[in-house]
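Remarks on the overall topology
In case you want the letters, here they are:
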Amino acid sequence: MSVSTAALDPSVCAPLPVLGRDVTVPLVTGGEVTYAALDYAASAPALQRVWDDIAAYAPYYGSVHRGAGYLSQLSTDLFENSRRTVAEFLGCRAEDQVVFTRSTTDSLNLLAAALPANCQVFVYETEHHASLLPWRDAQVTYLDAPRTPGRAVESLERALADRDPYGPALVCVTGASNVTGELWPVRELVAAAHAHGARIVLDAAQLAPHHPVDIAELDVDWVAFSGHKLYAPFGSGVLAGRADWLQAADPYLAGGGASRKVARRADGGVDVDWHTTAARHEAGSPNVIGVYSIASACKALTEAGFDNLVAREQELVSRVREGLAEVPEVRVLSLFGDDAPRVGVISFVVRGWNSSHFAAALSAEYGIGVRDGLFCAHPLVRTLLGSDPQEPGECGAPEAEPGERSLNAIRVSFGAGTPDEHIERFLRAVTELVREGAQWKYRTEDGRCVPDRGEAAQA
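In this text, all values refer to a predicted model and were calculated from it rather than measured experimentally.

Digging into the pattern of salt bridges
Tallied over the full model, the rule gives 21 salt bridges. The partner of Arg411 in a salt bridge is Asp39, and the shortest N-O contact between them spans 3.6 Å. Here Arg411 is found in strand β17 (residues 409-413), whereas its partner Asp39 is found in the loop between β3 (36-37) and α1 (48-57), with 372 residues between them in sequence. The exposure class of Arg411 is buried, given its relative accessible area of 1%.

Focus on the pairing of strand β10 (residues 237-241)
With five of five residues buried, β10 is to be regarded as a mostly interior element. Covered by surrounding structure in β10 are Gly237, Leu239 and Gly241 together with Val238 and Ala240, the residues of both alternating faces. Pairing analysis gives five bridges linking strand β4 (residues 97-101) to β10, with the strands arranged antiparallel. Note on β10: the bridge partner recorded for Val99 is Leu239. As paired elements, strand β9 (residues 222-226) and β10 share five bridges and run antiparallel to each other. For Trp222, the partnering residue across the bridge sits in β10 and is Gly241.

Describing the sheet that holds strand β13 (residues 330-332)
Pairing in this open sheet of four strands is antiparallel, and the strands run β13-β14-β17-β16 from one edge to the other. Strands with a single pairing partner mark the edges of an open sheet, and in this sheet they are β13 and β16 (371-373). Put simply, the sheet's adjacent strands are angled 30 degrees from each other on average, direction ignored. Here helix α10 (residues 306-325) sits on the sheet and contacts β13, β14 (345-350) and β17; the angle it forms with β14, its principal contact strand, is near 10 degrees.

As for helix α5 (residues 149-161)
Here α5 is 13 residues long and its end C-alpha atoms lie 19 Å apart, about the 18 Å a rise of 1.5 Å per residue gives. Residues of α5 that are buried make contact with β5 (120-124), β6 (139-143), β7 (169-174) and α6 (186-195).

Some thoughts on the environment of Leu253
With respect to the helices and strands, the residue Leu253 is situated in the loop between α8 (244-248) and β11 (259-264). When its relative accessible area of 49% is taken as the criterion, Leu253 is described as partly exposed. Expressed as a C-alpha distance, the spacing of Leu253 and His281, which sit 28 residues apart in the sequence, is 6.4 Å.

Re the nonpolar core
In terms of nonpolar packing, the biggest core is built from 83 residues, with Leu90, Leu202 and Phe225 touching the most fellow members. The leading source of residues in this core is helix α9 (residues 288-304), at eight residues. Excluding residues that lie within four positions of it along the chain, Leu202 makes contacts with Val173, Thr174, Gly175, Val186, Leu207, Val213, Leu218, Val220, Trp222, Val223 and Ala224. Ala36, Leu38, Val327 and Val430 belong to the second largest nonpolar core, which has 36 residues in total.

Describing the packing of α1 against α9
The N-to-C vectors of α1 and α9 enclose an angle of 135 degrees; their axes lie 9 Å apart at closest approach. Considered as vectors, α1 and α9 are oriented oblique to each other. As for how α1 packs across α9, the hand of that crossing is right-handed. Residues Arg49, Val50, Asp53, Ile54 and Tyr57 of α1 pack against Val288, Ile289, Tyr292, Ser293, Ser296, Ala297, Lys299, Ala300 and Glu303 of α9. Of the residues belonging to the contact of α1 with α9, the class tally is eight nonpolar, two polar and four charged.

Some remarks on the pairing of β17
By the criterion of burial, β17 is predominantly enclosed, with five of the five residues buried. Here β17 shows two buried faces, one formed by Ala409, Arg411 and Ser413 and the other by Ile410 and Val412. Bridge count between β14 and β17: four bridges; the pairing is antiparallel. In the strand pairing of β17, Ile346 is matched with Val412.

Conventions adopted
- Residues numbered from 1 in each chain as written.
- Predicted model: local features only at pLDDT ≥ 70, side-chain atom pairs only at ≥ 80, totals over all residues.
- Heavy atoms only, no water.
- Salt bridge = Lys/Arg side-chain N within 4 Å of Asp/Glu carboxyl O.
- Helix = DSSP H or I, 4+ residues; strand = E, 2+ residues; numbered from the N terminus.
- Buried < 20%, exposed > 50% of the residue type's maximum accessible area, 1.4 Å probe, protein only.
- Pairing = 2+ DSSP bridges.
- Axes fitted to C-alpha atoms, helices over the stretch in contact; angles between N-to-C directions.
- Contact = heavy atoms within 4.5 Å.
- Expected span 1.5 Å × (residues − 1).
- Core = buried A, V, L, I, M, F, W, Y, C linked by side-chain atoms within 4.5 Å.
- Parallel < 35°, antiparallel > 145°, perpendicular 65-115°, else oblique.
- Left-handed = near helix turned anticlockwise from the far one by under 90°.
- Nonpolar A, V, L, I, M, F, W, Y, C, P; charged D, E, K, R; others polar.

What follows is the structure in C-alpha coordinates.
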(Lines give C-alpha, C1' and ligand atoms only; values in the text may rest on other atoms or scores of the structure.)
Protein backbone atom coordinates (compact mmCIF):
# COMPACT_ATOMS: atom_id res chain seq x y z
CA MET A 1 0.00 0.00 0.00
CA SER A 2 1.26 3.46 -0.84
CA VAL A 3 0.18 6.94 0.15
CA SER A 4 0.31 10.26 -1.62
CA THR A 5 1.85 13.45 -0.28
CA ALA A 6 0.82 15.66 -3.21
CA ALA A 7 -0.01 19.31 -2.63
CA LEU A 8 -3.42 19.69 -0.99
CA ASP A 9 -6.27 22.14 -1.12
CA PRO A 10 -6.53 23.32 2.51
CA SER A 11 -10.29 23.90 2.17
CA VAL A 12 -10.76 20.26 1.18
CA CYS A 13 -8.36 18.77 3.70
CA ALA A 14 -9.23 20.63 6.87
CA PRO A 15 -9.45 18.47 10.01
CA LEU A 16 -12.81 16.79 10.42
CA PRO A 17 -14.85 18.10 13.38
CA VAL A 18 -14.61 15.73 16.36
CA LEU A 19 -16.06 15.70 19.85
CA GLY A 20 -13.86 17.29 22.48
CA ARG A 21 -12.08 19.67 20.12
CA ASP A 22 -12.92 22.64 22.38
CA VAL A 23 -12.45 20.94 25.76
CA THR A 24 -10.06 22.75 28.06
CA VAL A 25 -7.97 21.07 30.76
CA PRO A 26 -6.08 22.53 33.73
CA LEU A 27 -2.29 22.74 33.73
CA VAL A 28 -0.34 21.94 36.87
CA THR A 29 1.66 25.11 36.26
CA GLY A 30 -1.52 27.22 36.26
CA GLY A 31 -4.22 28.16 33.81
CA GLU A 32 -6.00 26.05 31.21
CA VAL A 33 -5.40 24.99 27.63
CA THR A 34 -7.40 23.31 24.90
CA TYR A 35 -6.77 19.57 25.17
CA ALA A 36 -4.59 18.07 22.45
CA ALA A 37 -5.83 14.50 21.93
CA LEU A 38 -2.87 12.65 20.44
CA ASP A 39 -3.82 9.12 21.46
CA TYR A 40 -5.92 8.15 18.44
CA ALA A 41 -4.37 4.68 18.29
CA ALA A 42 -6.04 3.80 21.60
CA SER A 43 -9.43 5.43 20.94
CA ALA A 44 -10.00 8.13 18.37
CA PRO A 45 -12.43 10.93 19.25
CA ALA A 46 -15.87 10.45 17.73
CA LEU A 47 -16.64 12.50 14.65
CA GLN A 48 -19.21 15.26 15.28
CA ARG A 49 -21.10 13.93 12.26
CA VAL A 50 -21.37 10.50 13.89
CA TRP A 51 -22.62 11.97 17.16
CA ASP A 52 -25.20 14.09 15.32
CA ASP A 53 -26.49 11.04 13.44
CA ILE A 54 -26.82 9.09 16.69
CA ALA A 55 -28.64 11.97 18.38
CA ALA A 56 -31.08 12.23 15.46
CA TYR A 57 -31.83 8.50 15.64
CA ALA A 58 -32.04 8.20 19.45
CA PRO A 59 -35.74 9.17 19.81
CA TYR A 60 -36.64 6.40 17.35
CA TYR A 61 -34.73 3.68 19.21
CA GLY A 62 -36.48 0.32 19.18
CA SER A 63 -35.81 -3.41 19.39
CA VAL A 64 -34.05 -4.99 16.43
CA HIS A 65 -35.40 -8.10 14.63
CA ARG A 66 -37.91 -8.59 17.45
CA GLY A 67 -40.85 -6.26 17.08
CA ALA A 68 -43.76 -5.49 14.76
CA GLY A 69 -44.03 -1.85 15.80
CA TYR A 70 -42.92 1.08 13.67
CA LEU A 71 -39.85 1.94 15.75
CA SER A 72 -38.73 -1.67 15.83
CA GLN A 73 -39.05 -1.94 12.08
CA LEU A 74 -37.20 1.35 11.62
CA SER A 75 -34.37 0.20 13.91
CA THR A 76 -34.15 -3.15 12.14
CA ASP A 77 -33.86 -1.41 8.76
CA LEU A 78 -31.21 0.93 10.14
CA PHE A 79 -29.25 -2.01 11.57
CA GLU A 80 -29.26 -3.99 8.32
CA ASN A 81 -28.60 -0.91 6.19
CA SER A 82 -25.57 -0.28 8.41
CA ARG A 83 -24.34 -3.76 7.52
CA ARG A 84 -24.60 -2.89 3.82
CA THR A 85 -22.80 0.43 4.38
CA VAL A 86 -19.89 -1.31 6.12
CA ALA A 87 -19.73 -3.95 3.37
CA GLU A 88 -19.49 -1.21 0.75
CA PHE A 89 -16.87 0.69 2.78
CA LEU A 90 -14.73 -2.46 2.97
CA GLY A 91 -15.21 -3.48 -0.65
CA CYS A 92 -16.72 -6.82 0.36
CA ARG A 93 -17.33 -9.52 -2.22
CA ALA A 94 -20.92 -10.57 -2.95
CA GLU A 95 -20.62 -13.76 -0.91
CA ASP A 96 -18.90 -12.16 2.10
CA GLN A 97 -20.57 -11.71 5.48
CA VAL A 98 -20.33 -8.71 7.80
CA VAL A 99 -20.64 -9.77 11.43
CA PHE A 100 -20.98 -7.12 14.11
CA THR A 101 -18.95 -7.69 17.27
CA ARG A 102 -17.75 -5.68 20.25
CA SER A 103 -14.24 -4.89 18.99
CA THR A 104 -11.26 -6.15 16.99
CA THR A 105 -10.41 -8.41 19.92
CA ASP A 106 -13.92 -9.85 19.89
CA SER A 107 -13.81 -10.29 16.11
CA LEU A 108 -10.58 -12.27 16.16
CA ASN A 109 -11.72 -14.39 19.08
CA LEU A 110 -14.88 -15.15 17.10
CA LEU A 111 -12.80 -16.26 14.13
CA ALA A 112 -10.56 -18.31 16.42
CA ALA A 113 -13.65 -20.10 17.73
CA ALA A 114 -14.71 -20.83 14.13
CA LEU A 115 -11.44 -22.41 12.97
CA PRO A 116 -11.79 -25.90 11.45
CA ALA A 117 -10.35 -28.82 13.35
CA ASN A 118 -6.55 -29.16 13.22
CA CYS A 119 -6.14 -25.66 11.79
CA GLN A 120 -2.60 -24.28 11.83
CA VAL A 121 -2.24 -20.58 12.61
CA PHE A 122 0.73 -18.38 11.68
CA VAL A 123 1.18 -15.06 13.43
CA TYR A 124 4.09 -12.64 13.83
CA GLU A 125 5.35 -11.72 17.29
CA THR A 126 4.86 -8.12 16.19
CA GLU A 127 1.08 -8.36 16.50
CA HIS A 128 -1.06 -6.48 18.96
CA HIS A 129 -2.37 -8.84 21.64
CA ALA A 130 -5.82 -8.82 20.01
CA SER A 131 -4.38 -10.80 17.11
CA LEU A 132 -1.51 -12.51 18.95
CA LEU A 133 -3.45 -14.29 21.69
CA PRO A 134 -6.86 -15.63 20.52
CA TRP A 135 -5.57 -18.82 18.89
CA ARG A 136 -5.36 -20.93 22.05
CA ASP A 137 -7.09 -24.01 20.62
CA ALA A 138 -5.06 -24.10 17.40
CA GLN A 139 -1.54 -25.19 16.50
CA VAL A 140 0.22 -21.81 16.44
CA THR A 141 3.53 -20.88 14.82
CA TYR A 142 4.88 -17.55 16.05
CA LEU A 143 7.14 -15.82 13.53
CA ASP A 144 10.01 -13.57 14.64
CA ALA A 145 9.85 -9.84 14.04
CA PRO A 146 11.02 -9.18 10.46
CA ARG A 147 13.26 -6.19 9.81
CA THR A 148 12.09 -5.54 6.25
CA PRO A 149 8.80 -6.13 4.41
CA GLY A 150 10.62 -8.57 2.15
CA ARG A 151 11.79 -10.62 5.12
CA ALA A 152 8.23 -10.69 6.43
CA VAL A 153 7.12 -12.37 3.21
CA GLU A 154 10.11 -14.71 3.13
CA SER A 155 9.65 -15.91 6.71
CA LEU A 156 5.96 -16.59 6.08
CA GLU A 157 6.72 -18.52 2.91
CA ARG A 158 9.28 -20.68 4.74
CA ALA A 159 6.89 -21.41 7.58
CA LEU A 160 4.03 -22.27 5.25
CA ALA A 161 6.25 -24.53 3.16
CA ASP A 162 6.98 -26.59 6.28
CA ARG A 163 3.37 -27.00 7.36
CA ASP A 164 1.04 -29.94 6.83
CA PRO A 165 -0.08 -29.29 3.24
CA TYR A 166 -3.41 -31.09 3.66
CA GLY A 167 -4.84 -29.34 6.70
CA PRO A 168 -6.47 -25.90 7.01
CA ALA A 169 -4.23 -22.95 7.79
CA LEU A 170 -4.72 -19.31 8.70
CA VAL A 171 -2.30 -16.37 8.66
CA CYS A 172 -3.05 -13.39 10.92
CA VAL A 173 -1.29 -10.10 10.20
CA THR A 174 -1.73 -6.44 10.99
CA GLY A 175 -2.25 -3.88 8.26
CA ALA A 176 -0.52 -1.10 10.19
CA SER A 177 1.43 -1.54 13.41
CA ASN A 178 -0.14 -0.09 16.54
CA VAL A 179 3.40 0.63 17.79
CA THR A 180 5.33 1.99 14.81
CA GLY A 181 2.49 2.83 12.42
CA GLU A 182 4.36 1.06 9.63
CA LEU A 183 2.32 -0.43 6.80
CA TRP A 184 2.79 -4.14 6.25
CA PRO A 185 3.10 -5.74 2.77
CA VAL A 186 -0.45 -7.07 2.82
CA ARG A 187 -0.79 -7.94 -0.87
CA GLU A 188 2.47 -9.88 -0.90
CA LEU A 189 1.56 -11.73 2.30
CA VAL A 190 -1.85 -12.60 0.86
CA ALA A 191 -0.20 -13.99 -2.27
CA ALA A 192 2.19 -16.07 -0.17
CA ALA A 193 -0.59 -17.42 2.02
CA HIS A 194 -2.86 -18.35 -0.87
CA ALA A 195 -0.01 -19.93 -2.83
CA HIS A 196 0.43 -22.36 0.07
CA GLY A 197 -3.29 -23.03 0.54
CA ALA A 198 -3.67 -20.86 3.64
CA ARG A 199 -6.23 -18.19 4.36
CA ILE A 200 -5.41 -14.78 5.85
CA VAL A 201 -7.15 -12.40 8.24
CA LEU A 202 -6.16 -8.74 8.27
CA ASP A 203 -6.17 -6.93 11.60
CA ALA A 204 -7.20 -3.50 10.32
CA ALA A 205 -7.72 -1.85 13.71
CA GLN A 206 -4.97 0.70 12.96
CA LEU A 207 -5.29 0.62 9.17
CA ALA A 208 -9.00 1.25 8.52
CA PRO A 209 -9.10 4.65 10.30
CA HIS A 210 -6.11 5.92 8.30
CA HIS A 211 -6.23 4.23 4.91
CA PRO A 212 -8.87 2.71 2.61
CA VAL A 213 -9.26 -1.05 3.02
CA ASP A 214 -10.71 -3.05 0.12
CA ILE A 215 -11.24 -6.74 0.82
CA ALA A 216 -11.73 -7.70 -2.81
CA GLU A 217 -8.72 -5.71 -4.03
CA LEU A 218 -6.41 -6.98 -1.29
CA ASP A 219 -7.86 -10.50 -1.69
CA VAL A 220 -7.81 -11.06 2.06
CA ASP A 221 -10.17 -13.65 3.48
CA TRP A 222 -11.29 -11.61 6.51
CA VAL A 223 -10.88 -8.12 7.94
CA ALA A 224 -11.37 -7.15 11.58
CA PHE A 225 -11.54 -3.64 13.06
CA SER A 226 -13.03 -1.62 15.94
CA GLY A 227 -15.47 1.26 15.81
CA HIS A 228 -13.76 3.22 18.59
CA LYS A 229 -10.63 3.62 16.46
CA LEU A 230 -12.72 4.59 13.40
CA TYR A 231 -14.11 7.78 14.99
CA ALA A 232 -17.22 6.01 16.32
CA PRO A 233 -18.14 5.75 20.01
CA PHE A 234 -19.36 2.72 21.94
CA GLY A 235 -18.30 -0.92 22.01
CA SER A 236 -18.73 -2.12 18.46
CA GLY A 237 -16.56 -3.88 15.92
CA VAL A 238 -16.62 -5.80 12.65
CA LEU A 239 -15.50 -9.14 11.28
CA ALA A 240 -16.06 -9.22 7.52
CA GLY A 241 -15.15 -11.85 4.97
CA ARG A 242 -15.71 -15.41 3.86
CA ALA A 243 -18.81 -17.13 5.19
CA ASP A 244 -17.98 -20.84 4.99
CA TRP A 245 -15.92 -21.27 8.18
CA LEU A 246 -18.36 -19.05 10.06
CA GLN A 247 -21.39 -20.99 8.82
CA ALA A 248 -19.81 -24.34 9.68
CA ALA A 249 -18.86 -23.34 13.23
CA ASP A 250 -21.04 -23.45 16.30
CA PRO A 251 -22.45 -20.02 17.17
CA TYR A 252 -19.96 -17.83 19.00
CA LEU A 253 -22.67 -17.21 21.62
CA ALA A 254 -25.74 -19.40 22.07
CA GLY A 255 -29.00 -17.54 22.47
CA GLY A 256 -31.81 -15.64 20.86
CA GLY A 257 -31.10 -14.14 17.47
CA ALA A 258 -28.61 -16.86 16.55
CA SER A 259 -31.35 -19.51 16.43
CA ARG A 260 -34.06 -19.96 13.84
CA LYS A 261 -35.99 -22.79 15.51
CA VAL A 262 -35.82 -24.32 18.98
CA ALA A 263 -37.90 -27.34 19.99
CA ARG A 264 -38.03 -29.78 22.85
CA ARG A 265 -37.33 -33.42 22.06
CA ALA A 266 -39.28 -36.34 23.39
CA ASP A 267 -36.31 -37.32 25.54
CA GLY A 268 -36.40 -33.92 27.23
CA GLY A 269 -33.52 -32.35 25.30
CA VAL A 270 -33.56 -29.40 22.92
CA ASP A 271 -33.09 -29.30 19.15
CA VAL A 272 -31.79 -26.04 17.67
CA ASP A 273 -31.70 -24.89 14.06
CA TRP A 274 -29.08 -22.12 13.90
CA HIS A 275 -28.99 -19.28 11.38
CA THR A 276 -26.47 -19.54 8.54
CA THR A 277 -26.32 -15.77 8.01
CA ALA A 278 -24.28 -13.30 10.06
CA ALA A 279 -26.99 -13.59 12.73
CA ARG A 280 -25.48 -16.98 13.64
CA HIS A 281 -22.76 -15.14 15.57
CA GLU A 282 -24.79 -12.13 16.75
CA ALA A 283 -26.84 -13.67 19.56
CA GLY A 284 -28.56 -11.35 21.99
CA SER A 285 -29.98 -7.87 21.52
CA PRO A 286 -27.59 -6.10 19.15
CA ASN A 287 -25.80 -2.84 19.84
CA VAL A 288 -27.79 -0.96 17.21
CA ILE A 289 -26.42 2.46 18.20
CA GLY A 290 -22.85 1.19 18.11
CA VAL A 291 -23.43 -0.45 14.72
CA TYR A 292 -25.07 2.68 13.33
CA SER A 293 -22.15 4.77 14.60
CA ILE A 294 -19.69 2.62 12.62
CA ALA A 295 -21.79 3.00 9.47
CA SER A 296 -22.01 6.75 10.02
CA ALA A 297 -18.22 6.97 10.39
CA CYS A 298 -17.74 4.95 7.20
CA LYS A 299 -20.00 7.37 5.33
CA ALA A 300 -18.29 10.42 6.82
CA LEU A 301 -14.81 9.27 5.80
CA THR A 302 -15.97 8.37 2.31
CA GLU A 303 -17.82 11.64 1.78
CA ALA A 304 -14.89 13.68 3.11
CA GLY A 305 -12.64 12.11 0.48
CA PHE A 306 -10.50 9.41 2.07
CA ASP A 307 -7.60 10.03 -0.30
CA ASN A 308 -7.46 13.67 0.79
CA LEU A 309 -7.56 12.65 4.45
CA VAL A 310 -4.71 10.20 3.86
CA ALA A 311 -2.64 12.84 2.12
CA ARG A 312 -3.17 15.39 4.90
CA GLU A 313 -2.25 12.81 7.52
CA GLN A 314 0.95 12.04 5.68
CA GLU A 315 1.89 15.71 5.94
CA LEU A 316 1.38 15.47 9.70
CA VAL A 317 3.46 12.29 9.85
CA SER A 318 6.29 14.02 8.01
CA ARG A 319 6.09 17.05 10.28
CA VAL A 320 6.23 14.92 13.46
CA ARG A 321 9.11 12.79 12.21
CA GLU A 322 11.07 15.83 11.08
CA GLY A 323 10.45 17.58 14.39
CA LEU A 324 11.50 14.58 16.48
CA ALA A 325 14.60 14.12 14.32
CA GLU A 326 15.74 17.60 15.42
CA VAL A 327 16.01 16.37 19.02
CA PRO A 328 19.05 14.05 19.28
CA GLU A 329 17.85 12.55 22.56
CA VAL A 330 14.74 11.14 20.86
CA ARG A 331 14.82 7.71 19.20
CA VAL A 332 11.84 6.78 17.04
CA LEU A 333 11.04 3.06 17.04
CA SER A 334 10.86 1.28 13.70
CA LEU A 335 10.93 -2.23 12.29
CA PHE A 336 11.33 -1.46 8.61
CA GLY A 337 13.43 1.73 8.70
CA ASP A 338 12.93 5.44 8.16
CA ASP A 339 11.67 5.09 4.59
CA ALA A 340 8.84 2.69 5.45
CA PRO A 341 5.35 4.09 4.73
CA ARG A 342 3.31 4.54 7.87
CA VAL A 343 0.10 5.94 9.28
CA GLY A 344 -0.22 8.51 12.07
CA VAL A 345 1.18 6.30 14.82
CA ILE A 346 4.72 6.99 16.08
CA SER A 347 6.44 5.57 19.16
CA PHE A 348 9.69 6.83 20.64
CA VAL A 349 11.90 6.92 23.70
CA VAL A 350 13.84 9.87 25.14
CA ARG A 351 17.36 9.36 26.45
CA GLY A 352 17.53 10.16 30.16
CA TRP A 353 13.78 10.02 30.68
CA ASN A 354 11.40 7.48 32.10
CA SER A 355 8.68 7.23 29.44
CA SER A 356 5.88 7.47 31.99
CA HIS A 357 7.48 10.62 33.43
CA PHE A 358 7.73 12.20 29.99
CA ALA A 359 4.11 11.39 29.10
CA ALA A 360 2.92 12.71 32.45
CA ALA A 361 4.75 16.00 31.88
CA LEU A 362 3.24 16.35 28.41
CA SER A 363 -0.20 16.05 29.97
CA ALA A 364 0.24 18.05 33.16
CA GLU A 365 2.32 20.92 31.76
CA TYR A 366 1.10 21.14 28.13
CA GLY A 367 -2.37 19.58 28.01
CA ILE A 368 -1.25 16.88 25.58
CA GLY A 369 -2.61 13.35 25.80
CA VAL A 370 -0.31 10.57 24.54
CA ARG A 371 0.16 6.93 25.58
CA ASP A 372 3.11 5.37 27.37
CA GLY A 373 3.77 1.71 28.06
CA LEU A 374 4.00 -1.42 25.92
CA PHE A 375 0.80 -0.73 23.97
CA CYS A 376 -0.54 -4.29 24.45
CA ALA A 377 2.17 -5.44 22.05
CA HIS A 378 4.76 -6.58 24.59
CA PRO A 379 7.00 -8.81 22.44
CA LEU A 380 7.26 -6.16 19.71
CA VAL A 381 8.08 -3.25 22.01
CA ARG A 382 10.63 -5.36 23.89
CA THR A 383 12.28 -6.23 20.58
CA LEU A 384 12.33 -2.61 19.44
CA LEU A 385 13.81 -1.47 22.76
CA GLY A 386 16.54 -4.09 22.55
CA SER A 387 15.39 -5.97 25.65
CA ASP A 388 14.32 -9.58 25.96
CA PRO A 389 11.03 -10.06 24.03
CA GLN A 390 10.05 -12.63 26.66
CA GLU A 391 10.58 -10.23 29.56
CA PRO A 392 7.28 -9.64 31.36
CA GLY A 393 5.70 -6.23 31.46
CA GLU A 394 2.42 -4.45 31.96
CA CYS A 395 0.34 -2.49 29.44
CA GLY A 396 0.60 0.57 31.68
CA ALA A 397 3.64 2.25 33.12
CA PRO A 398 6.20 0.26 35.10
CA GLU A 399 7.09 1.09 38.66
CA ALA A 400 10.26 2.96 37.75
CA GLU A 401 10.52 6.33 39.45
CA PRO A 402 10.65 9.57 37.43
CA GLY A 403 14.08 9.91 35.86
CA GLU A 404 14.82 6.18 35.96
CA ARG A 405 15.09 4.24 32.72
CA SER A 406 11.92 2.36 31.89
CA LEU A 407 11.40 -0.55 29.52
CA ASN A 408 8.49 1.09 27.77
CA ALA A 409 7.92 3.81 25.20
CA ILE A 410 5.84 6.88 24.37
CA ARG A 411 3.31 6.82 21.54
CA VAL A 412 1.86 9.82 19.74
CA SER A 413 -1.00 9.12 17.34
CA PHE A 414 -3.30 11.32 15.30
CA GLY A 415 -5.69 11.29 12.39
CA ALA A 416 -8.53 12.97 10.54
CA GLY A 417 -9.53 15.23 13.42
CA THR A 418 -6.08 16.46 14.44
CA PRO A 419 -5.48 20.21 14.01
CA ASP A 420 -2.03 21.45 13.02
CA GLU A 421 -1.74 23.32 16.33
CA HIS A 422 -1.79 20.08 18.31
CA ILE A 423 1.17 18.77 16.33
CA GLU A 424 3.12 21.99 16.73
CA ARG A 425 2.39 22.13 20.48
CA PHE A 426 3.55 18.53 20.85
CA LEU A 427 6.84 19.15 19.06
CA ARG A 428 7.46 22.31 21.04
CA ALA A 429 6.73 20.46 24.28
CA VAL A 430 9.12 17.63 23.43
CA THR A 431 11.89 20.11 22.66
CA GLU A 432 11.31 22.14 25.83
CA LEU A 433 11.13 19.10 28.11
CA VAL A 434 14.37 17.68 26.71
CA ARG A 435 16.20 21.01 26.76
CA GLU A 436 14.87 22.52 29.99
CA GLY A 437 13.40 19.60 31.95
CA ALA A 438 10.02 19.38 33.61
CA GLN A 439 8.70 22.40 35.51
CA TRP A 440 7.05 20.24 38.15
CA LYS A 441 7.95 17.36 40.42
CA TYR A 442 6.40 13.95 39.78
CA ARG A 443 5.94 10.76 41.77
CA THR A 444 4.75 7.22 41.13
CA GLU A 445 1.25 6.44 42.38
CA ASP A 446 -0.54 3.13 41.71
CA GLY A 447 1.90 2.37 38.91
CA ARG A 448 1.41 5.72 37.19
CA CYS A 449 3.62 8.79 37.12
CA VAL A 450 1.59 11.77 38.39
CA PRO A 451 2.34 15.38 39.34
CA ASP A 452 3.30 15.94 42.95
CA ARG A 453 0.76 18.55 44.04
CA GLY A 454 3.22 19.91 46.57
CA GLU A 455 5.60 22.14 44.65
CA ALA A 456 7.25 22.98 41.36
CA ALA A 457 10.53 21.39 40.32
CA GLN A 458 12.53 24.59 40.87
CA ALA A 459 10.92 25.45 44.17
